[in-house]
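Inside the fold
Here are the chains, one letter per residue:
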Amino acid sequence: MADKTNKYDENVPGKFYVDKECIACDACVMSAPDNFGMDDDDGHAFVIKQPGSTEEEEQCLEAMEGCPVEAIGDDGSGNGEPTD
Ligand code: SF4
């Protein structure tokens, strides 16, 4: 289970985020290329854009379910971003 108190600062604000358990396996970037990006210098993924369509939402959920270390969360709202 990802921990929103342990998320990377690069994540754009909102629901989805990557926390510091990420091992930079690239799976989420493959699943949801419009929403996840890789910080190659620091060696971890982060959310570059929150989903803006049902398709992107499904891809983000797929990425979250596919993360081998459960570093992706979908409970990161609460910072002023709408939840839906
Ligand atoms: Fe990191 Fe998980 Fe994405 Fe792999 S799938 S890059 S471990 S957040």
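Residues numbered from 1 in each chain as written. Predicted model: local features only at pLDDT ≥ 70, side-chain atom pairs only at ≥ 80, totals over all residues. Heavy atoms only, no water.

**Topic: the overall build of the protein chain**
Of the regular secondary structure elements, the protein chain holds two helices and four strands. Seen in sequence order, the protein chain has helices and strands lined up from the N terminus as β-α-β-β-α-β. Overall, the C-alpha framework of the protein chain stretches about 30 × 25 × 20 Å when taken along its three principal axes. Out of the 84 residues belonging to the protein chain, those deemed buried represent 39%. (Helix = DSSP H or I, 4+ residues; strand = E, 2+ residues; numbered from the N terminus. Buried < 20%, exposed > 50% of the residue type's maximum accessible area, 1.4 Å probe, protein only.)

**Structural notes on the nonpolar core**
Counting residues in each nonpolar core, the largest one holds 16 residues, and the members touching the most others are Phe16, Val18, Cys28, Phe36, Ala63 and Ile72. Of all the elements in the fold, those that place two or more residues in this core are helix 1 (27-31), strand 3 (44-47) and helix 2 (54-66). Here this core takes three residues from helix 2, the largest share from any one element. (Core = buried A, V, L, I, M, F, W, Y, C linked by side-chain atoms within 4.5 Å.)

**Notes on the pattern of salt bridges**
Summed over the entire model, instances satisfying the criterion amount to two salt bridges. A salt bridge links glutamate 57 to lysine 15; its shortest N-O distance comes to 2.6 Å. With glutamate 57 in helix 2 and lysine 15 in the segment before strand 1 (17-18), the pair connects residues that are 42 residues apart, well separated along the chain. Among the residues examined, glutamate 57 registers a relative accessible area of 24% and is labelled partly exposed. Given a relative accessible area of 22%, lysine 15 falls into the partly exposed group. With its nearest N and O atoms 2.7 Å apart, the salt bridge here joins glutamate 56 to lysine 49. (Salt bridge = Lys/Arg side-chain N within 4 Å of Asp/Glu carboxyl O.)

**Here we look at the environment of leucine 61**
Relative to the assigned elements, leucine 61 resides in helix 2. Expressed as a C-alpha distance, the spacing of leucine 61 and phenylalanine 16, which sit 45 residues apart in the sequence, is 9.0 Å. Setting aside residues no more than four positions away along its own chain, leucine 61 makes contact with Phe16 and Asp74. (Contact = heavy atoms within 4.5 Å.)

**Here's the deal with the site of the ligand**
Not every one of the 14 residues close to the ligand is listed here, only the nearest: Cys22, Cys25, Asp26, Cys28 and Cys67. Counted by class, the shell around the ligand contains 13 nonpolar, no polar and one charged residues. (Near = heavy atom within 4 Å. Nonpolar A, V, L, I, M, F, W, Y, C, P; charged D, E, K, R; others polar.)

**Some words on a negative patch on the surface**
Negative charge collects at one region of the surface, where Asp9, Glu10, Asp26, Asp40, Asp41 and Asp42 lie side by side. Here aspartate 26 lies in the loop between strand 1 and helix 1. Looking at aspartate 26, the relative accessible area reads 31%, which means it is partly exposed. (Patch = residues over 30% accessible without salt bridge, like charges linked within 9 Å, V, L, I, M, F, W, Y side chains within 5 Å. Areas by Shrake-Rupley, 256 points an atom, 1.4 Å probe, with all protein chains shown as cover. Lys, Arg positive; Asp, Glu negative; His and termini not counted. Charge placed at Lys NZ, Arg CZ, Asp CG, Glu CD.)

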